[in-house]
Structure formats: C-alpha cells, structure tokens
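Structural description and commentary
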Amino acid sequence: MTTATLRVRAVPPQVVLRVRAVPPQVVRELLVRDDAGRPAAPSVDDEGGAPLRCCLRRSGPGERIALVTYAPLRRWAAETGVDPGAYDEQGPVFLHAEECAGPEGDGLPFTSAHRVLRRYSADGRILGGRLVQAPADFAPALREAYADPAVALVHVRAVEYGCFLYEVRRG
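The structure contained in this document is the topic of the report that follows. (Residues numbered from 1 in each chain as written. Predicted model: local features only at pLDDT ≥ 70, side-chain atom pairs only at ≥ 80, totals over all residues. Heavy atoms only, no water.)

For the chain, the count of helices and strands is three helices and eleven strands. Reading the chain from its N terminus to its C terminus gives the helix and strand order β-β-α-β-β-β-β-α-β-β-β-α-β-β. The dimensions of the chain, computed from C-alpha atoms along their principal axes, are 40 × 35 × 30 Å. When the 171 residues of the chain are sorted by exposure, 44% land in the buried category. Excluding contacts between residues fewer than 6 apart, the proportion of contacts in the chain whose partners are at least 24 apart in sequence is 60%. When the accessible area of the chain is evaluated, it comes to approximately 8,400 Å², of which 52% is carbon and sulfur surface. Taking the average location of the 22 positive side-chain charges in the chain and that of its 21 negative ones, the two points are 4 Å from each other. (Helix = DSSP H or I, 4+ residues; strand = E, 2+ residues; numbered from the N terminus. Buried < 20%, exposed > 50% of the residue type's maximum accessible area, 1.4 Å probe, protein only. Contact = heavy atoms within 4.5 Å. Areas by Shrake-Rupley, 256 points an atom, 1.4 Å probe, with all protein chains shown as cover. Lys, Arg positive; Asp, Glu negative; His and termini not counted. Charge placed at Lys NZ, Arg CZ, Asp CG, Glu CD.)

If you want it as structure tokens, here you go:
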C-alpha cells in the first residue's frame, strides 16, 4: 500500500480501524521546519533500527533519516477544530529524510515491545490508556478502546521513551 493508511480489521468484522502513519504532506512540512520550529538535520543511519513514522517500519543501515519534533494531537486538533489544551504535547519521531512510499501491507506495526495505547475524546482530552505487553494483546486493547463511543482517537506510544509511534482511528 502506498498511502499513509493501513486498514486493520478488528473483531467483530464490521469494525474497521485505520492505522495511520505520519501523512506524506506532514512529513514534508516537518522536514522543512518541525513542530518545535527547528529545521530538520538529516543524517545517515549507520546501524538501522530506527522506528520510522512515515512508513511504519524500522530503518535499514545506510538510510537517510531525520529526527524531528512532532505534535500529533495538535495536528489532529487542527483538523477537527478542537483545542487540545494542556494535552498538546510534542516529541521526537524518526522520518525518512527523503520522500518514501509510505506503509506497506496490513497489520499493526511495532508490536514487539511494550506499548501504551492512549485514548482521546473528540474534544482532545485523554480518556485513559492501557499498557500492551505482547503482540496478541493489541487487537483486544483496541477493541476495548473503541468499545467506548467517547473514544475518537488512539495513540500508540513507546513505553520506554513515551514517543508517539502511530495513531489508530475508526474506519
């Protein structure tokens, strides 16, 4: 798939959730000036392994990447016309330094480590979160989150650093 959206089917089958990478237009903006107002400083990833938020895979050795500041809730709030207030946070994300093809395939990326699924309401407030410790726990945690009609958005974040990895929305 060459877009920034993956489709994930949850149980029951009529519930479709979309896993969203950082959209290509936003990547282009962040590579000029990130959400903290700084220009990107691309570099070669000698070792590989950085979690790329533009294509939802790990970087390979020798790829050009950039570490930029990203404010995912702020950007979502601007799309939806809400004010995230104090929940507006920004943090580091890795991106390809040049245009990439975006995510490929279906499924949930970056599930091999502990993650937090943070739930947000339609007015941009945190409704809660859940620690996910195993790949098999992701689908049940997302079903649980979206069983609550007040949940408008879920962020998947790394536990060890709190970094944003991707968002999940209703299809």
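Of all five residues in strand 2 (residues 16-20), four are buried, a share of seventy percent or more. In terms of strand pairing, strand 2 meets strand 11 (residues 164-170) through four bridges, oriented antiparallel. In the sheet register, R18 faces strand 11, and the bridge partner there is R169. (Pairing = 2+ DSSP bridges.)

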